[in-house]
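Take a look at the letters that make up each chain.
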Amino acid sequence: MVPINQWIKIKAPATVANMVCGFDILGFAVNNPYDEMEMRLVSRTTDAAGNFNQASITIINIDNYNLPTDPEKNVAGAALLAMIEECTLVDFSKIGFEVKINKLIKPGSGVGSSAASSAGAVVGANYLLGNPFTKDDLVRFAMNGEKVASGVKHADNIAPCIHGGVTLVRSIFPLEIIALPSPTLFVTIVHPQIEVRTADARSILKQNVQLKDAIKQWGNIAGLVAGLMKGDYDLIGRSLEDVIIEPIRSILIPGFDDLKKACKAAGALGGGISGSGPSIFFLSKEKETALAVEQEMIKLYKGIGLAHHTYVTTINQTGVEIEC
Ligand code: HSE
């Protein structure tokens, strides 16, 4: 266990969920952007009246997003509460967690901002406690943060954020995560500066899928997994197609169809909406192509006068990192 009051630093990567065709099951972590956090264990004492000097979880925001600090309403807090409930190692009436969060991943951007906070918190807490939990336990706890953020316990951001690389969530209950290999891929992300709430982007989806669409989607998911495993770039590119979710959600993102055409024409293998949007990502085999794709993104959003941020990055293979 890390001694009481000793701060640790945590780096929690952004993630791209769905990977176009794999709604709620596929995702990957990226090296940029990422959130920074600090955590420490604190001792909890009581005064003569029995009042604690310290809550079991204290959240301190050091960014300007004004996110809730009540642990039940904060994604990191909700994830930690789930961990505390299962942890018999420590008496949480005597010990608590203090968490400082500096969000460099803008909330509502579609690159796993809530997942980074939840995953960062539970990986940090586990480290402070001497690593009693497995990575899959940590994913389970962190999914409680996703429930707070979007109303649903999905793991397609959390799993890659904790495991790193590309992950497949074969099942949530019981949890089964499969780490997938991938050839070298460059990732270009554009974040048009509008906010799309995941809960809203989920509420507009149809609850029924036509069999012909399901068959297409299964083919693409299987093709993408096979392409990643074989390092077959063309197969990866052909499989990055979503006939179920994208046609509905893309209407929330200005310029989506034109952007897609321009990025493909610039040589990207393929791409689409990152998570529930509004960020859009494209994968490329070469860095030069990824940079050319970035220029197309900038050109398009400058053209329609929409503020935006872009990132050219690679797949993060380590997941949440602890620096002491
Ligand atoms: N799979 C989730 C969704 C990811 O698309 O709603 C949210 O980031």
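What counts as what
- Residues numbered from 1 in each chain as written.
- Predicted model: local features only at pLDDT ≥ 70, side-chain atom pairs only at ≥ 80, totals over all residues.
- Heavy atoms only, no water.
- Domains from an automatic or database assignment.
- Contact = heavy atoms within 4.5 Å.
- Buried area = accessible area lost by both parts, 1.4 Å probe.
- Salt bridge = Lys/Arg side-chain N within 4 Å of Asp/Glu carboxyl O.
- Core = buried A, V, L, I, M, F, W, Y, C linked by side-chain atoms within 4.5 Å.
- Buried < 20%, exposed > 50% of the residue type's maximum accessible area, 1.4 Å probe, protein only.
- Helix = DSSP H or I, 4+ residues; strand = E, 2+ residues; numbered from the N terminus.
- Pairing = 2+ DSSP bridges.
- 1 Å grid on protein atoms, 1.4 Å probe; cavity = no way out; pocket = protein on both sides within 12 Å on 5 of 7 lines; lining within 4 Å.
- Points joined across faces, edges and corners; volume = space filled by probe spheres on them.
- Nonpolar A, V, L, I, M, F, W, Y, C, P; charged D, E, K, R; others polar.
- Axes fitted to C-alpha atoms, helices over the stretch in contact; angles between N-to-C directions.

Participant: Looking at this structure, how should I read the domain arrangement of the chain?
Facilitator: Interface extent is often summarised as the accessible area lost during association of the parts. Once the domains are mapped, the chain shows domain 1 (8-181 + 316-323) and domain 2 (186-314). A separation of 26 Å is found between the C-alpha centroids of domain 1 and domain 2. The interface is formed by 31 residues belonging to domain 1 together with 38 residues belonging to domain 2. Carbon and sulfur atoms make up 66% of the area that domain 1 and domain 2 hide from each other, which totals about 2,600 Å². It is Val20, Cys21 and Phe23 that lose the most area in domain 1 upon contact with domain 2, and together they represent 25% of the buried surface on that side. Along the contact surface separating domain 1 from domain 2 lie one salt bridge. Asp24 serves as the salt-bridge partner of Arg202, at 2.7 Å between the closest nitrogen and oxygen.

Participant: It is not clear to me how the nonpolar core should be interpreted in this structure. Could you clarify?
Facilitator: Within soluble globular proteins, side chains that are nonpolar generally end up buried alongside one another. Judged by nonpolar contacts, the single largest core of 73 residues is most densely connected at Phe28, Met39, Leu80, Phe97, Val122, Ile162 and Leu283. Among the elements that take part in this core, helix α2 (residues 113-128) stands out by supplying eight residues, more than any other. Two domains share this core, each providing at least three of its residues, namely domain 1 (8-181 + 316-323) and domain 2 (186-314). Formed by 14 residues, the second largest nonpolar core is a distinct cluster that contains Leu259, Cys263, Ile280 and Phe282.

Participant: In this structure, what is going on with the pairing of strand β8 (residues 270-273)? I would like to understand it.
Facilitator: For a regular strand, side chains alternate in direction, first toward one face of the sheet and then toward the other. The pairing of β8 with strand β9 (residues 280-284) spans four bridges and is classified as antiparallel. Its bridge partner being in β9, Gly271 is matched across the sheet by Phe282. Connecting the antiparallel pair β8 and β9 is a turn made up of six residues, with Gly275 showing a positive phi of about 55°.

Participant: Which parts of the structure should I look at to understand the layout of surface pockets?
Facilitator: The rolling of a water-molecule-sized probe over the atoms marks out the regions of remaining empty space. Estimated volume of the largest pocket: approximately 610 Å³. Going through the elements one at a time, α2, α3 (135-150) and α5 (198-203) are the ones with two or more residues in the lining of the largest pocket. Residue contributions to the lining of the largest pocket peak at four residues, all from α3. Partitioned by chemical class, the residues of the lining of the largest pocket number 12 nonpolar, 17 polar and nine charged.

Participant: It is not clear to me how the sheet that holds β8 should be interpreted in this structure. Could you clarify?
Facilitator: Within a beta sheet, neighbouring strands are joined by backbone hydrogen bonds and run either parallel or antiparallel to one another. The strand order across the open sheet built from four strands is β8-β9-β7-β10, with neighbouring strands paired in antiparallel fashion. Bordering the open sheet on either side are β8 and β10 (308-314), each of which pairs with just one other strand. On average, each strand axis in the sheet is tilted by 15° relative to the strand beside it, whichever way the strands run. Sheet strands in contact with helix α9 (residues 256-265) are β7 (186-192), β8 and β9, and its direction is about 10° off that of β9. Running at roughly 10° to β7, helix α10 (residues 287-303) makes contact with β7, β9 and β10 of the sheet.

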